[in-house]
Structures are given as structure tokens and as C-alpha cells.
Amino acid sequence: MNSYLEKGYLNLDDITIPSVDRRAKGPVAVIECVQEIPCNPCQDACPRGAITIPGSINNIPRIDFATCNGCAICVANCPGLAIFVVDETYAEDRALVGMPYEFLPLPEKGEEVSLLDRSGAPIGVGIVERVRNAKAQDRTPIVFLSMERELSMLVRFFRRIDL
Amino acid sequence: MRLEKHPILSFQRGESFTFTFDGKPMTAFGGESIAAALHAAGHKTLSHSLRHERPRGFFCAIGKCSSCMMEVDGIPNVKTCLVLAEPDMEVRTQTGWGELRAVPKKRLYPRRELPALKTDVAVVGAGPAGLSAAIYASRHGARVMVFEENSQIGGQLIKQTHMFFGSRDHHAGVRGIDIGDKLIGQLGEAVQIFTSTPVVGYYAPGVLAVIKDNRLHKVEAEKIIVAAGASENMLAFPNNDLPGVYGAGAVQTLMNVYGILPGRRMLMVGAGNIGVIVAYQALQAGMEVAAVVEALPTIGAYQVHASKLRRCGVPILTRHTIKRAFGDSSVVGATIMKIDDKWRPVEGTEEDIKVDTICLSVGLKPTTEIFYQAGCRMLTIPELGGEVPYRNEYMETSVPGIYVAGDASSIEEASSAMLEGRLAGLDAVEQLKGSSQEIHLQKGEVEESLRELRAGPFGEKIRAGEEKMKQEGSSA
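Residues numbered from 1 in each chain as written. Chains lettered and ligands numbered in written order. Predicted model: local features only at pLDDT ≥ 70, side-chain atom pairs only at ≥ 80, totals over all residues. Heavy atoms only, no water.

(A) Inspection of the overall build of chain A at higher detail. Per the secondary structure count, chain A includes four helices and nine strands. Beginning at the N terminus, the succession of helices and strands in chain A can be written as α-α-β-α-β-β-α-β-β-β-β-β-β. Counting the 163 residues in chain A, one finds 55% classified as buried. At a minimum sequence separation of 6, the contacts of chain A that also span at least 24 residues come to 61%. When the accessible surface of chain A is summed, it comes to about 7100 Å², and 50% of that surface belongs to carbon and sulfur atoms. Across chain A, the 17 positively charged side chains and the 22 negatively charged ones have centroids separated by 5 Å. (Helix = DSSP H or I, 4+ residues; strand = E, 2+ residues; numbered from the N terminus. Buried < 20%, exposed > 50% of the residue type's maximum accessible area, 1.4 Å probe, protein only. Contact = heavy atoms within 4.5 Å. Areas by Shrake-Rupley, 256 points an atom, 1.4 Å probe, with all protein chains shown as cover. Lys, Arg positive; Asp, Glu negative; His and termini not counted. Charge placed at Lys NZ, Arg CZ, Asp CG, Glu CD.)

In C-alpha cells, the structure reads:
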């Protein structure tokens, strides 16, 4: 049995992740959606056609990491809030991770936050680099956090520290 | 406590005014139900049980559970979750069966019979299924009346803040609240909507009894589409009747329709999609969620919904259940415990947690009274939610001219409810006005979309239920 059925969160080996080489080339989306559920907005959201759901809408989305440029448009379009954008070229030894954040208040640029992994456990401290909240995102802001590069595939949420 | 800010919603409250509750002044805002306004002031106890006079609060908040009945302006047994608060209203906690202390302003039974309301299609319930049925029947030339017991239309859509799944062609990626608005925008002039108008009976052939403004009206319809929705299941545990124990939909109504928090810290029982989604919505509204307990060995919700809750740090405990709630006048805590693979409690694993809100999300039951009254053939199909009316592939029941759609037909998603509503509306208007190429094509499209929605592993249960339904049809 897959452990996520019991625990609710995915392990790294449940997910199709972009290779180290691909990550070294710039931002890329990571889709953390592993069940056959009837859903397809991500496919239409991608302006480059990098995401496909061939055949039935129940199929699992596939992403072509070579075509994806990490623009993050899919992040706010995913009804399951299951897409993240990872940029390991952000700065020397630092990665930038973009994640959907439908909570108030939104964090401020430059703010230090506690980084959480998929189970909600704290695994470090990151910095809010920007918050993207365009009208087209329809109330799903994307928060971009910088962090130590090795955390990029582990951090999927954060908590504000001084609240 | 009333919310001022919400990440998804903006609350449009009317002017504030006062009414009285057991003689004490109480503040409400325009558009708030009596029960919601009392909650905002911290009054969760609305009634008392008849025999043991135990305190009771509402469980459903949508007019189904009857735990919210109070005396309003001298009239007992008023469902305060449905009736909006008004300035100078006198609201009292009633004891026992209640007693009629005032004559209603308008007589319920007039001296002469009121003229019947006549329509081509009558729709019971203005949720996603009912509105879709009305839209499609009216598009092809039927006059439609929709009767809704709540003060707002949209059914459960009006509290769904999350983006819907499904296909882009059918509103996927759009928030439920906005789908409701879209449907309302599609209602043409041939559709008349009656809110705060419960349907209280069916009389053959084709007559509905409805109550509007305290008066009983007769509705004569050629076709009747019943999209009455469902009610939430209760779970047996000591003190499950304490105020502070709610169905998941009731918590959503308070939080997302009225912007009123039911409490500060919640225990969610049930890790299906609704349980996990409502737990997440509680976090968005600013509540704490202590845990989600689930008796099954696995989480029933979509992984993506479970994952977004987990990464916020909320534990989902499978093979756990609630043993009891505690508190005198309302919930102050709960005991949770492990259960083994034979569903027996594991002694010594009890854990007391401090919560003021217990939210139950343990399944739904179709609302079917009208079908029984109309003599529709009823079936027991657990995969569809229990007792459901037999219906053919176009949603017509065994009584010609009576249709079913949405959760009343099978417990499923709003996306399939909208499709079932369309199908019922199309078939009803086809029978009334004759067939056309367009209707034929649209019916085919809807059937195909339904098949696609139900095609995946999560549609397995519904497919099994549909299969049983089909077999019943061929054996009848």
C-alpha cells in the first residue's frame, strides 16, 4: 500500500521529479498529483503545452520538463494546489520554491519564515522573495521562498514566525 | 465571532439591528439567519431535547435536522437556521413541543383556496442539480418554477470556496461559489425562483404543496424534478448531541456563508474529500484543527486534498475514531482512540483533546421523502447513498413525470449533480415540447460527460451503483 493513503502526504519517490541536470538549467514545475482523479485544468493552463493529460480526464498529468520554463501559471490553476515551481539556479547554493498560499495575511517580501516539509514538519528557515497575486490567479497567491538548495525538493509549505 | 477578512471570500453584510433572545438584546446583520446571529454572539444552544431536556444546537444549518427549532414572534418550531433575523424579532428558547402563542400574521389555511400556481416544470431545490435542470428545461421552451427552502439559492455551492475538479468544459478550476453565480446568471426569464419556500408534500397527480410567507400554496406542474439534496449522517458516540457537534456542511455554512466561526479549535471526524476540504477551509477561516480522525485504514479523500492539509501540519489519523465528546452545555473536548483491524477499540490508546468544535463528515443520505409520498419505487443501493428512487437513464423515476437529480439520486460531486440536472431538465422538456436535434445532441453530450467523470478509480463505487440501478430497470 502506498504510504500516502495512510499518512496523506507524498514521499519523494511517489513523484516524477525533474532530473538534477534539468534543475540546474532553471525554474521548472513539479506536479505532485499521483492519483487518477477527474481533473484537467493544468493541461489548459500551460501556455507552452508542457502538461498533457492524454485520453481520459482521469489520467495523471504528465509534464515535459524540457518544454516547461517554470513560469508558474499552472500553480494557481491547479484545483488541488498540487503544483510547485523549483528554481535551483536562483543564487549560489540557494534555490527558490514557489507554492500556492491561500491564507491571510500574506507574508511580506524579505520576511523570514519557518520552512515546512510535506508532513508539516519544520526543516529550516527561508526568506520570502516575492508574492505573486495577479487577478488571473483568482485568489490563489503564489509565495516564492529562497532556501538552501538541498531543501528545494522537500519544502512545500511555510509558517510565519512572528505570529 | 464574525470574520472581517478571508483569503477567498468577502462578506457582504447588511445593516446591523437588534432583536431579542429570551428577552435579551442581540445584534444581527442583514442577511443573517437567526441561528447564525446567535452563534456570532456565542449562543450555540438553540433548543432542548423533548424527554431529557438536553441542550441542542443545530447539526445541519440547512433546514434538515430540526435541532434549531425555536419560538419566533410567538410561533413555535421555527427552523432558525432558515429564517433570517429581522429587527425587533422576539426569539425564545422553547420547551417541549412548543405552544402557539400568537396567530400568524397571515393565515396558513385561508378561508378560500388560493389559486394554484401553474407551471410546465416544477423543480424542488435550487442547488447545482435543480438550477441546471431549470436552465436546460427553460432553454428549450418550458416555463419553470424552482422552490427552495433556504433564503439563498445555489445549494451547497454557496459555501464551496475551493476550485472544482472535473473537466475545463464543466467549470473545473472555478471555485464552487463562482459556479453558483454562473448558474444563477444563466437563469432566463422563463424561470421563476421562490426562496424561503419549502415543498411540504406531493399530491397525485403532479401537485406540490409549498409554504410561502406562512401560507400554503398549491403548485400544479406537468413535470416535477426533485433535486432536494442530502442530509449529513450522524455518528453514534456519547454526547454526540451536544451543541458544538456539527455536520461538516453546517460548519461551512457558518464560516463561509455568514463569516461566523463555530469555535476556535476543531476535531474533524472523517477523512473523505468533504472532511479534508472543510478542515482546510477551517484553517483558512482562522480556526485551529487538532486532527482529522478516520476509522478506515486509508484516507478516502483525493491525495491532493489530504496533502494540502498535511503540509499545514494537521495530522490525519487513520484507524482512529471519536470515543466521546465532553462538556455540559457545549463541547469542551473529545476523546479519540485507535481501533484495530476488526473495528474494535484498542484499550489504553484513548487521548483527550481540547476542542470546542467537533465536525462530522461521515457520509450523506439522500433526501427522499417526496419520492415515498409520490409512490416512486424505492431501492436500497449502498453505493449511491442508501435509499434512492429507481430512475431510468434520463433521471425519470418509476412515476412518470417525476424526476430526480443530484444528491437526492446518488451521493456524488456537484459536477455530476449539475450534469444529472441538465439531463432531467432536457428529458422533461423533450417530453413536454417534443424532441429536437439540439436536445438529442445535448443529452448525448451530458451522458458522455457523466461517463467520463465517473470513469476513474474514484468513480468505481458510483459505477457499481449505476450498474445495480440498470439491472433493477431491466428486471422491473
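What follows picks up the thread again.
(B) Summary view of the sheet that holds strand S19 (residues 320-326) of chain B. All names here are of chain B. One open sheet accounts for three strands, arranged S19-S20-S21; its pairing is antiparallel. In this open sheet, the two edge strands, each paired with only one partner strand, are S19 and strand S21 (351-353). Across the sheet, the axes of successive neighbouring strands diverge by a mean angle of 30°, strand direction being ignored. Two strands pair when backbone bridges link them, and S19 and strand S20 (residues 333-338) are joined in this way by six bridges, in the antiparallel orientation. For Thr321, the partnering residue across the bridge sits in S20 and is Met337. (Pairing = 2+ DSSP bridges. Axes fitted to C-alpha atoms, helices over the stretch in contact; angles between N-to-C directions.)

(C) Representation of the sheet that holds strand S1 (residues 16-21) of chain B. Residue and element names in this part refer to chain B. Pairing is mixed across the open sheet formed by five strands, whose spatial order is S2-S1-S7-S5-S6. At either margin of the open sheet sits one strand with a lone partner, and together these are strand S2 (24-29) and strand S6 (75-79). Adjacent strand axes in the sheet meet at a mean angle of 40°, parallel and antiparallel pairs treated alike. For S1 and strand S7 (residues 90-92), the ladder comprises two bridges, and the chain directions are parallel. Across the sheet, the residue bridging to Thr20 is Glu90, located in S7.

(D) Seen up close, unusual backbone geometry. With an omega of -10°, the peptide bond running from Leu104 of chain A to Pro105 of chain A counts as cis. Between Ala204 of chain B and Pro205 of chain B the backbone carries a cis peptide bond, its omega angle lying at -10°. Looking at where Pro205 of chain B falls in the secondary structure, it is placed in the loop between strand S11 (199-203) and strand S12 (207-212). The backbone of Ser66 of chain B shows a phi angle near 65°, a positive value even though the residue is not glycine. Along the chain, Ser66 of chain B falls in the loop between strand S4 (55-56) and strand S5 (69-72). Of note, His171 of chain B is a non-glycine position whose phi angle comes to about 70°, a positive value. Position of His171 of chain B relative to the elements: it lies in the loop between strand S9 (144-147) and helix H3 (176-186).

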